[in-house]
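Examining the three-dimensional arrangement
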Amino acid sequence: MLWLALLCVGCLALLSPAQAVSPAPVKIPSGVRSLLWKSTFKDGLSNILLLDDVLVITHGKRVEGRNAVTGTVVWAFDTSTVGQFTPPEEAIAATGDIVSVSAPLGSKDEDEEGDGNVLFAFNGRVGRGLWALASGAPGEGLPHPFFSLVGAGGGRVVINVPALSAIRGLDAADGARRWDSLLPPGCAFEAGDADDRVTGVLMRCGKRWRLRALDSGSGATLWEHPVFPLGNPLVEVDGGAVGLESDNAFDLFDTSGRRLYQHIGETICSCSFVATSDAVVLARFEDATTDALLEILDRSSGRVVLTRKDARSYTMFGTSGGRPYWGEHRAHGGVLIQTLGPGGVVTPVVAFPDGDLHAMNDQAFLVVTGDDSPQLNSYGLGLPAEPEPGVVARGGVARAAWPDACALLPTSVLARELPGVHFRAVPRQAAPELDLDTPVGCDLLPEGQGGRPTISVDVVWVGTTPGEAKELLANMPYASPKKLAPAPADQLLADEGLADTIALRVGSTVVRIDGAGDRDLTVRLARLAARSLRELPP
């Protein structure tokens, strides 16, 4: 096996040095998705990295490189020879084309501490092994100390070596030591991250905490500040900015050490950010009862220049061509990828009906759907067939294909189902990017009837094909899905744990009905909504 040949416990194997060369940044155009290929992984899917046109993934005990556009496996190797159970999340990093992976050595189970870590590096474009290094067991000191991976950037793989009280930068090409940054006496490493410019290191010094920023290439200290995390601290580095997240708090520092942003709230922060030379895009939750908040900062001044609060949650995806990219998970359904275009204008890039976007560039978008046997979907972008406003955000679907949510269950129909109860329809408009004339949601409020719940109708998504809508319905978050006799719908799906929530599909349209308070009534209302969809003009 490849890694059996590379692994030398307690020593360093130096093979075929290679230079870490990053591809030129490219702006990602706006367009409509088209499926390039898809693959299901029954052994799980742990990590995804995109290196230009090569996709590096880990699943089970296998690491492989695929052509991101065609899905063809271009190289692969098995890691079982180093005793690895599963490549853990957040234990893979890249600088240029060189990928480093840290895995437990000798562990038979995910929950066991094992005999230490093995760190191996390879050229991610061709799958050629470069070097491997094994640590001692946790707590072991010199001459064979334990170490853990911090991150990679600037041509370096950065590790924490507790026995030396040091952060060490290894040459990504050959594994040779290039620099050490000693921690202050009495301090211990707590968390860290790295990018091509900066390595951020959080240290616990007794009852006090310090945050240090290092030059990733040289190891030189750029700045160091006392910080006051509130618990469970995490460090994230992007675009040379260093973020410190902890319970209920988030701090963000520039490359120079200047504080760009600070937030202290009443709930868990769940903060994330992406940074360019000009701007920082930051997402967080204000409190447990509201949707997520997106803030865009001018990096030179730290001033918030734009605030958005029109999505259930946001996901940061990184930068390309000097622009930040993020995903907005809409309350009505679907994920819209956005960027900050010229003049600071938020610009839609592409829309997906479902799934988690894990990596992207100008050639491919990699989206994962499903949990037990995750499916990796690779999409390309094409120009929309119809250049009408909002077509990108709608995934290429024409405006006229989206039904009026209030027309699916008219109040006159409810009056027949619930005699004596009068309902008032309150429409909910779509996000502005969709540019729809009709509401995507409708709340039917009972008037003068104490205890009667509000009934809600939501157009979750309109797919480009019935197959796309069917896949979306299959991936809707039902803990215990129950299929019902669908007619007149194509599909009718309920959740065993939610008595009054039903999802239905007619053709390419997915709709959700909830709030009726009774399973049988909700099923009847869902079938009435399906009949309304059938009667709509094509």
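Up top is the structure these notes are about.
Everything numeric here is computed off the predicted structure, so don't read it as measured data. (Residues numbered from 1 in each chain as written. Predicted model: local features only at pLDDT ≥ 70, side-chain atom pairs only at ≥ 80, totals over all residues. Heavy atoms only, no water.)

**Here's the deal with the overall build of the chain**
The condition that has to hold: Put simply, DSSP H or I for four residues or longer makes a helix, DSSP E for two residues or longer makes a strand, and each gets a number counted from the N terminus. Exposure is judged per residue with a 1.4 Å probe applied to protein chains only, and the accessible area is read against the type maximum: over 50% gives exposed, under 20% gives buried, and values in between give partly exposed. Whether two residues are in contact is decided by their heavy atoms: any pair within 4.5 Å suffices. For every accessible area listed, the method is Shrake-Rupley and the probe measures 1.4 Å; residues are considered covered only by the protein chains on display.
Across its full length, the chain holds five helices and 40 strands. Per-residue burial over the chain gives 54% buried out of 538 residues. Summarising the internal contacts of the chain: among those between residues at least 6 apart in sequence, 47% fall at separations of at least 24. Summed over its atoms, the accessible surface of the chain is roughly 22700 Å², and 51% of this surface lies on carbon and sulfur atoms.

**Observations regarding the sheet that holds strand β32 (residues 365–369)**
To be explicit about the condition: When DSSP locates at least two bridges between a pair of strands, those strands are taken to pair. Axis lines are fitted through C-alpha atoms, for helices just across the contact stretch, and the angle between N-to-C directions can take any value from 0 to 180 degrees.
In spatial order, the strands read β2-β33-β32-β31; together these four strands make up an open sheet with antiparallel pairing. Edge strands, defined here as strands with exactly one partner in the open sheet, are β2 (32–40) and β31 (356–360). Neighbouring strand axes in the sheet, compared pairwise and without regard to direction, differ in orientation by 30° on average.

**Quick look at the side chain of Arg33**
Under the convention used in this document: Two N or O atoms form a polar contact when they lie within 3.5 Å of each other; inside protein one atom must be a possible hydrogen donor and the other a possible acceptor, and for residues adjacent in sequence the pair counts only when both atoms belong to side chains.
Here Arg33 shows up in strand β2. Classification of Arg33 as buried rests on a relative accessible area of 9%. Among the polar contacts listed, one links the side chain of Arg33 to the backbone oxygen of Ala351, at a separation of 2.8 Å. There is a polar contact of 2.5 Å between the side chain of Arg33 and the side chain of Glu468.

**Looking at the packing of aromatic side chains**
Spelled out, the test is: Ring pairs are drawn from Phe, Tyr and Trp, using the six-membered ring of Trp, whenever the two centres fall within 6.5 Å, and their geometry is named by plane angle: stacked under 30 degrees, edge-to-face over 60, tilted for the rest.
This model, assessed by the stated rule, comprises nine aromatic pairs. Where Trp75 meets Phe77, the ring centres are 5.7 Å apart and the plane angle is 10°; that geometry is what we call stacked. Since its relative accessible area comes to 7%, Trp75 is described here as buried. Phe77 gets classed as buried once you look at its relative accessible area, which sits at 6%.

**Details of unusual backbone geometry**
At the junction of Leu142 and Pro143, the peptide bond is cis and its omega measures out at 5° in the coordinates. Among the secondary structure elements, Pro143 is positioned in the loop between β10 (128–134) and β11 (148–153). Following Ala487, the chain continues into Pro488 via a peptide bond in cis, with omega recorded as 10°. Counting through the fold element by element, Pro488 comes out in the loop between β37 (481–483) and β38 (491–495). The backbone of Ser165 sits at a positive phi, close to 50°, despite the residue not being glycine. A relative accessible area of 32% means that Ser165 is categorised as partly exposed. We note that Asn248 has phi near 70°; this positive angle belongs to a residue other than glycine. Structurally, Asn248 is set in the loop between β20 (241–246) and β21 (249–253).

**A closer look at the pairing of β10**
Where burial is concerned, most of β10 is hidden: six out of the seven residues are buried. In terms of strand pairing, strand β9 (residues 117–123) meets β10 through six bridges, oriented antiparallel. Residue pairing across strands places Ala121 opposite Trp131, the latter belonging to β10. Here β9 folds back onto β10, and the loop between the two strands holds four residues, one of which, Gly127, carries a positive phi near 75°.

**Digging into the state of the cysteines**
This is how the line gets drawn: Put simply, a disulfide is two cysteine sulfurs that come within 2.5 Å.
Scanning the entire structure with this criterion turns up two disulfides. Here Cys187 is linked by a disulfide to Cys205, with a sulfur-sulfur distance of 1.9 Å. Taking the torsion about the S-S bond as the criterion, the Cys187 to Cys205 disulfide, at about 110°, is right-handed. Separated by 18 residues along the polypeptide, Cys187 in strand β15 (residues 187–194) and Cys205 in strand β16 (residues 198–205) bring together distant segments of the chain. Cys187 sits in the buried class, given a relative accessible area of 12%. Disulfide pairing is shown between Cys406 and Cys442; the S-S distance is 2.2 Å. Taking the sign of the S-S torsion, 100° for the link of Cys406 and Cys442, the bridge is right-handed. Here Cys406 is found in helix α2 (residues 405–408), whereas its partner Cys442 is found in strand β35 (residues 441–447), with 36 residues between them in sequence. On the basis of relative accessible area, Cys406 is assigned to the buried category, the value being 17%. Relative accessible area serves as the criterion here: at 0%, Cys442 is assigned to the buried category.

**With respect to helix α5 (residues 519–535)**
Condition: Expected span, for any helix, means 1.5 Å times one less than how many residues it has.
With 17 residues, α5 extends 25 Å from end C-alpha to end C-alpha; this agrees with the ideal 24 Å at 1.5 Å per step. By the N-cap criterion, in which a side-chain oxygen at the helix start approaches the backbone nitrogen of a residue two or three places on, α5 is capped by Asp518, the distance to Asp520 being 3.1 Å.

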